[in-house]
Amino acid sequence: MGMKKKHFERRHLVEGFVKFLMYVAFVIVAGTLGLILWTVISRGFPSLTWNMVSQVPKGGYYMGKEGGILNAIIGSAYLATGGTLLAILLSLPIALYLKAYLGDSKWGEYVRLSLDVLWGIPSIVYGAFGFALMIMLGMRASLLAAIIVLALVELPIMTRAMDEVIRRMPADLEHAALALGSTKFEVALRVVTRQMLPGIVTAILLAFGRGIGDAASVLFTAGYTDRIPTSLMRPTASLPLAVFFQLGSPYAEVRERGYAAALILTIVVLVVSFGARGLSARLSKYAVK
Amino acid sequence: MNLAKPSFIPKSITTEGREIRPSVAARTRQDRAAQRVFFIITLLPVVLILIVTIALLVRAWPILGTYRLSDLLLGETWKPNSGQFGFRPFILGTVWVTIVGLLLAVPPCLLVSIYLAEYAHARTRSLTKPILDLLAAIPPVVYGVWGLLAIVPFVDDVIAPLADRWLGSVSILRVTQPTGFGILAGGIVLAVMIAPLIIAVTFEVFSTVPNDLRHAALAVGATRWQTIRTVIFPQVLPGVIAAIVLGASRAFGETIAVMMVVGNTPTVPTSIFDTATPLPALIANNYGEMMSIPLYDAALLGAALVLLVVILIFNILSTLVLQRMVRRKWA
């Protein structure tokens, strides 16, 4: 009896210890997020001025003089919007095709596998690929080239996120529409897309957030300039690279502005991330419950 | 598109007379055409992998044709000006940073995902999801800023003195330079960056185990941890390994954040406090000058190719394992 009791207590001790470790790990992960946000806010906020977001760099900006990073903010907005629109044009048909025609078949699995593999390819490789293409085509670094490469970076993220929600759609709705004589295309466009709109919007915003923060792919393809781009063929600045370049500066004022730029980028990404939740909750009223 | 009205079926009835309904033949033609277009677009992901690989291969061909592959991969000297392109320092830099990142990330990530999958209430889970989503949403360059402002000084002021005092006799832990920049700082930043991925995938893998198994073990008197260790863990082990491999391949390719804290020297690292240049940092650091030196661009795109091939292998293997596990869940 005594021995049995001792055994009983020991495994409960282990249980408690493991649970304690789990709590510690949990606090470390959550705490790290807090630390990151706190670091970026506390260091970025003091240098965040109205001029930073309303002006382009003026003469001597990179030595600490007047100006802002409006060029990078607008540039990033162009890049991420263009990349996301292009990615939607490709992602939505793929996700709908997976749902309507391939389903869980062997070919569906192949397409999903290749999307997952594409998702794993780092953006620096997409950047290098874009660069290789640009050399072959004789293209210069430009807004257009960067938009295309960003769309490739966003494509697997968006498609897989759409696919995950679309494939969970209850079959009843689809069957009802098909039974009434609609074609698969009509079902895909008018039933699936509407019913799954919240998930689709979330997927789009998720990809947008990834696109606006991505630096390695635009490094090769977008170039960098102090002007706001006026055409697709011009190079463009971007927020991530504005952070990166300013942090490498020998001037303390410029580095401080880099921290502020990082704060701006973080705010944009957080707004997009929370906006995705809010928006998808609002759009769900159009879905059949 | 008018969202408010579910216009699909009612429209053709209510608007009869005012709007001509397309014929069945026309709608079928439309369906066929759409199917064809969608099919072609769906081929894109499959083909894109090949196109990226081939494009990099073509651009890297000049250097692959000039030097032996083993000389490139194992060569220690990197002097593009005199035509010496040895990738060894960069490959080892990548390996070191990745291993440090994994060692730091895997234990807490496993614990957190086990907690979420096996212990936590549904409410705790739904509170945790935003935290992990935010960690995944923070852009790499912001991680780099955090690394520069918080981790590099932390390594320099806290970890390096401690290691110097207590662990100086272990060669891979020897403090070699006094800045805080280096593999350890890069590994810490990477660990945080790959954590959301590892946690999410491991959690998913744990949730493929049927509840019957848990109930059976708990019913015969096992504690929860005993259930996890003896019943669940053997079931999920391949998936957990796949999650770690996915994390590793994410770490291989991480560029900006690592580049900002790792020091960027073309040397073979021998200690976690050494500076290094992982492959992505090599590519990103030198893209500006690569067109001015012969074979330099081929060498850098070759580096991207090496990165791509390794990541493709890692990703395909781990994704196949995970797809099989998830399919079993639904089967």
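Residues numbered from 1 in each chain as written. Chains lettered and ligands numbered in written order. Predicted model: local features only at pLDDT ≥ 70, side-chain atom pairs only at ≥ 80, totals over all residues.

## Overview of the overall build of chain B
This is how it is decided: Here a strand is any run of E in DSSP of at least two residues, a helix any run of H or I of at least four, and the numbering for each starts at the N terminus. When we talk radius of gyration, it's over C-alpha atoms, and the globule rule is simply 2.2 Å times the number of residues to the 0.38. Each residue is represented by a C-beta atom placed from its backbone, and any two residues with such atoms within 7 Å are regarded as in contact.
Scanning chain B from terminus to terminus reveals 12 helices and two strands. In terms of overall dimensions, chain B is more spread out than a globule: its C-alpha atoms have a radius of gyration of 26 Å, far above the 20 Å expected for 331 residues. Across its three principal axes, chain B shows a C-alpha extent of roughly 85 × 65 × 35 Å. The long-range fraction of contacts in chain B, counting pairs at least 24 apart against all pairs at least 6 apart in sequence, stands at 79%.

## Focus: the overall build of chain A
Just so we agree on the cut-off: Here exposure depends only on C-beta density: within 10 Å of a residue's C-beta, 20 or more other C-beta atoms make it buried, 12 or fewer make it exposed, and intermediate numbers make it partly exposed, the C-beta atoms being placed from the backbone.
Summing up its helical and strand segments, chain A has 12 helices and zero strands in all. Counting all 289 residues of chain A, 49% fall into the buried class. For chain A, the proportion of contacts with a sequence separation of at least 24, taken over those separated by at least 6, is 76%.

## Let's talk about helix 4 (residues 88-119) of chain B
All names here are of chain B. Formally: Given a helix with a known number of residues, its expected span is that number minus one, times 1.5 Å. Note on bend: at a given residue it equals the angle between the axes fitted to the 7 residues ending there and to the 7 starting there.
Spanning 32 residues, helix 4 covers 45 Å between terminal C-alpha atoms, matching the ideal 46 Å at 1.5 Å per step. At V106, helix 4 shows its maximal bend, which comes to roughly 30 degrees, and the proline P107 appears one to four places after that position. When you tally the buried positions in helix 4, you get 23 out of 32 residues, the bulk of the element.

## Concerning the packing of helix 5 (residues 123-137) of chain A against helix 6 (residues 143-166) of chain A
All names here are of chain A. Where we set the bar: Fitting a line to C-alpha atoms yields each axis, with helices limited to the stretch in contact; the angle taken between N-to-C directions then spans 0 to 180 degrees. Throughout, the term roughly parallel applies to angles under 35 degrees, roughly antiparallel to angles over 145, roughly perpendicular to angles from 65 to 115, and oblique to all others. The sense of a crossing depends on the near helix, which, turned anticlockwise from the far helix by less than a right angle, makes the crossing left-handed and, turned clockwise, makes it right-handed. Note on residue categories: nonpolar means Ala, Val, Leu, Ile, Met, Phe, Trp, Tyr, Cys or Pro, charged means Asp, Glu, Lys or Arg, and polar means any other residue, Gly included.
At a minimum axis distance of 10 Å, the contact between helix 5 and helix 6 shows a crossing angle of 140 degrees. Judged on the interaxial angle alone, helix 6 and helix 5 are oblique. For helix 5 against helix 6, the interelement crossing comes out right-handed. Of the residues in helix 6, those in contact with S123, Y126, G127, G130 and M134 of helix 5 are A145, I148, V149, L152 and V153. When its residues are assigned to classes, the contact of helix 5 with helix 6 shows seven nonpolar, three polar and no charged.

## Some points on the interface of chain A and chain B
Quite often, the size of an interface is put as the accessible area lost when its parts meet. Each partner contributes to the interface: chain A provides 70 residues, whereas chain B provides 71 residues. Of all the elements, helix 1 (residues 2-44) of chain A adds the most residues to the side of chain A that touches chain B, at 20 residues. Among the residues forming the side of chain A that touches chain B, the class breakdown is 52 nonpolar, 10 polar and eight charged.

## Some details on the domain arrangement of chain A
All names here are of chain A. As a reminder, the rule being used: What fixes the domain bounds is an automatic or database domain assignment.
If you check the domain split of chain A, you get domain 1 (2-47) and domain 2 (53-286). For domain 1 versus domain 2, the distance between C-alpha centres works out to 34 Å. Contact with domain 1, which involves six residues of that partner, is made by seven residues of domain 2. Tallied by class, residues from the side of domain 1 that touches domain 2 come to three nonpolar, two polar and one charged.

## A short note on the nonpolar core
As a reminder, the rule being used: Definition of nonpolar core: a set of buried Ala, Val, Leu, Ile, Met, Phe, Trp, Tyr and Cys residues joined via C-beta atoms within 7 Å.
Formed by 196 residues in total, the largest nonpolar core has its most connected members in A128 of chain A together with L56, V145, V189, I198, A303 and A304 of chain B. Looking at this core, the element that brings in the most residues is helix 7 (residues 183-206) of chain B, giving 18 residues. Residues in contact with I198 of chain B, not counting those within four places in the same chain, are A105, V106, C109, A243, I244 and G247 of chain B.

## Topic: the packing of helix 12 (residues 252-283) of chain A against helix 6 (residues 140-166) of chain B
The contact between helix 12 of chain A and helix 6 of chain B brings their axes to 10 Å, and the two run at 135 degrees. By the criterion of interaxial angle, the relationship of helix 12 of chain A to helix 6 of chain B is oblique. Helix 12 of chain A and helix 6 of chain B meet at a crossing whose hand is left-handed. The segment helix 12 of chain A lies against helix 6 of chain B, with Y259, A262, L265 and T266 of chain A engaging V141, V142 and V145 of chain B.

## As for the environment of V326 of chain B
Residues and elements named next belong to chain B. Mapping V326 onto the fold places it in helix 12 (residues 296-330). Overall, the presence of 15 C-beta atoms within 10 Å leaves V326 in the partly exposed class. Counting along the chain gives 118 residues from V326 to T208, while the straight-line C-alpha distance between them is 6.3 Å.

## Focus on unusual backbone geometry
Phi angles above zero are rare outside glycine, and N264 of chain B is one such case at about 55 degrees. Among the structural elements, N264 of chain B can be located in the loop between helix 10 (256-261) and helix 11 (279-286).

## Quick notes on the environment of V218 of chain A
Summarising the element assignment, V218 of chain A is placed in helix 10 (residues 216-221). Measuring from C-alpha to C-alpha, the distance between V218 of chain A and S76 of chain A comes to 9.9 Å, with 142 residues separating the pair along the chain.

## So, the environment of A217 of chain B
All names here are of chain B. Mapping A217 onto the fold places it in helix 8 (residues 211-219). It is 50 Å that separates the C-alpha atoms of A217 and R88, two residues lying 129 residues apart in sequence. With residues up to four places along the chain from it excluded, the contact list for A217 reads A222, T227 and V231.

## Considerations on the confidence of the model for chain A
Selection criterion: One confidence number per residue, pLDDT, is output by the predictor and ranges from 0 to 100.
With 97% of its residues at a pLDDT of at least 70, chain A reaches an overall mean of 88. Ranking the elements of chain A by mean pLDDT puts helix 2 (residues 50-54) of chain A last with 84 and helix 6 of chain A first with 93.

## Comments concerning helix 7 of chain B
Residues and elements named next belong to chain B. Over its 24 residues, helix 7 runs 32 Å from end to end, which matches the ideal 34 Å to within 8%, given 1.5 Å per residue. Along its length, helix 7 reaches its greatest deviation from straightness, about 40 degrees, at I194, and the proline P196 lies no more than four positions downstream. With 22 of 24 residues buried, helix 7 is to be regarded as a mostly interior element.

## Here we look at the confidence of the model for chain B
Low pLDDT marks regions whose predicted coordinates should not be analysed in detail. Residues and elements named next belong to chain B. Averaged over all residues, the pLDDT of chain B equals 87, while 93% of them reach at least 70. Within the model, pLDDT remains below 50 along residues 1-15, and this stretch shows six contacts once partners closer than five positions in the same chain are excluded. Scored by ipTM, the complex comes to 0.91, with pTM at 0.90.

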